[in-house]
Amino acid sequence: MNLGALVSEVLSVVAGAVSGEIKSEGEAIARLQVIIKQRLAAQQTMLAALQADDAEVDRRLALGAGEGPK
Amino acid sequence: MNPALLLPVIFGVALLVGAFTGHVTPEQLAAGAALLLVPGADRFAPLLRQLLRPAGGAPAAPGQPGLLALPTEEVHRLAGVAYESYAAATGGKTFDGRPMPTWEEARERIGHAWAAAVTGVIADHASRGALLCGSHHPDRLAPPRPPGGLLLLLLPLLALGCANIERRNAAREVFMQAQEQQTAALRELQTLSAAHQAALLRLPAGPVAVKAVVDFRARRQQTVDLSSKAADAARAAQVELGLRGPPEGLEALARAAGAAAGALADDLAALKRYAAQQLETAGGAP
């Protein structure tokens, strides 16, 4: 193999590695954005669920108080 | 050690250290090793010097005057020096024995010819690879063409770029795992709150039950606040995590997210213990 062919081979290995890494970085960034969106959505869901549950508990506590001691 | 080998040795050591610390993947190590083994790798440092040399240092081709861009006055001054040197060597006589006029006398008629002779000597001397202003290296090889040198300069930079991509991706992976842990903790918090308040509702109706619910919610708020803080941090980190800059910033964000996930998990465990204690105490209350 002459020098030109060897350099070309090295270039293709490096180019492949670099393009592969760049592609994997793009995929990682896309996945990260999805995960962060899910996390933020879970936060809102949790707060809404706690609020709804608290409202129901308050309602039942008030009902229980209205019924008087058992 | 041959100074030209210094840069390839440093590069090779950096590759090995990077491979040991996990910053360089096996593929990158192979690419870097292939680069080092390419014939002529010891010419890397001289190539770099040739690339960085200012354009004025380029050698002139034979018979091509003026490539070293000497001022005209300097050429004429050197012509006078050459004429005077000739006169000194021949005792002030021409080739046929006649007395030579002084340079001031002869300058107007033959000054241009002596200037042409000086220019020709300079061009011929420079075309043999010597620098006019520096030391003489008659056996210096002609510098290689820039594209070849740029190639050797770009390849290690590309390899180092790959190492940074690897580190950034690893930091993003750690950050994502931390977000998933926090999301799971939120689901647990929801379940715990619903179950515990339902249990408190089974207590005899009255001030004790109401106080227990109020106290639990106050304690639960600490966990909710921790989670909200972590969510704000994730929102703020979104932009930086998408960038392709130095990996250190992303690694710091990943560490912070991991710490937040750990703190949230610990606080949730403490809330569970509080809830269990609360039920035990309330159940034992008269």
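A brief structural summary.

Cut-offs and rules
- Residues numbered from 1 in each chain as written.
- Chains lettered and ligands numbered in written order.
- Predicted model: local features only at pLDDT ≥ 70, side-chain atom pairs only at ≥ 80, totals over all residues.
- Heavy atoms only, no water.
- Contact = heavy atoms within 4.5 Å.
- Buried area = accessible area lost by both parts, 1.4 Å probe.
- Salt bridge = Lys/Arg side-chain N within 4 Å of Asp/Glu carboxyl O.
- Polar contact = N/O pair within 3.5 Å; in protein donor to acceptor, adjacent residues only side chain to side chain.
- Helix = DSSP H or I, 4+ residues; strand = E, 2+ residues; numbered from the N terminus.
- Nonpolar A, V, L, I, M, F, W, Y, C, P; charged D, E, K, R; others polar.
- Buried < 20%, exposed > 50% of the residue type's maximum accessible area, 1.4 Å probe, protein only.

**A few points about the interface of chain B and chain A**
Okay, step 1: Contacts between chain B and chain A engage 48 residues on the former and 37 residues on the latter.
Okay, step 2: Between chain B and chain A, the buried area comes to about 3900 Å², and carbon and sulfur atoms account for 69% of it.
Okay, step 3: Of all residues in chain B, B:Met176, B:Leu201 and B:Gln238 bury the most surface against chain A, accounting for 15% of the area lost on that side.
Okay, step 4: Summed over the shared surface of chain B and chain A, the number is seven salt bridges.
Okay, step 5: With its nearest N and O atoms 2.9 Å apart, the salt bridge here joins B:Arg217 to A:Asp58.
Okay, step 6: Across the contact surface, chain B and chain A share 15 residue pairs in polar contact (both at pLDDT 80 or more).
Okay, step 7: The set of elements that each furnish at least two residues to the side of chain B that touches chain A consists of α2 (26–37), α6 (146–201) and α7 (207–241) of chain B.
Okay, step 8: Looking at the side of chain B that touches chain A element by element, the count peaks at 23 residues for α6(B).
Okay, step 9: Counted by class, the side of chain B that touches chain A contains 26 nonpolar, 13 polar and nine charged residues.

**Let's talk about the side chain of B:Ser227**
Okay, step 1: Topologically, B:Ser227 is positioned in helix α7.
Okay, step 2: Excluding anything up to four places from it in sequence, B:Ser227 contacts A:Arg39, A:Gln43, A:Met46, B:Leu186 and B:Leu264.

**Remarks on the environment of B:Ile165**
Residue and element names in this part refer to chain B.
Okay, step 1: You can see Ile165 is positioned in helix α6.
Okay, step 2: Residue Ile165 is classed as buried on the basis of its relative accessible area, which comes to 6%.
Okay, step 3: In this structure the C-alpha to C-alpha distance between Ile165 and Pro247, which are 82 residues apart in sequence, comes to 7.8 Å.

Interpretation in functional terms is not warranted from these geometric data alone.
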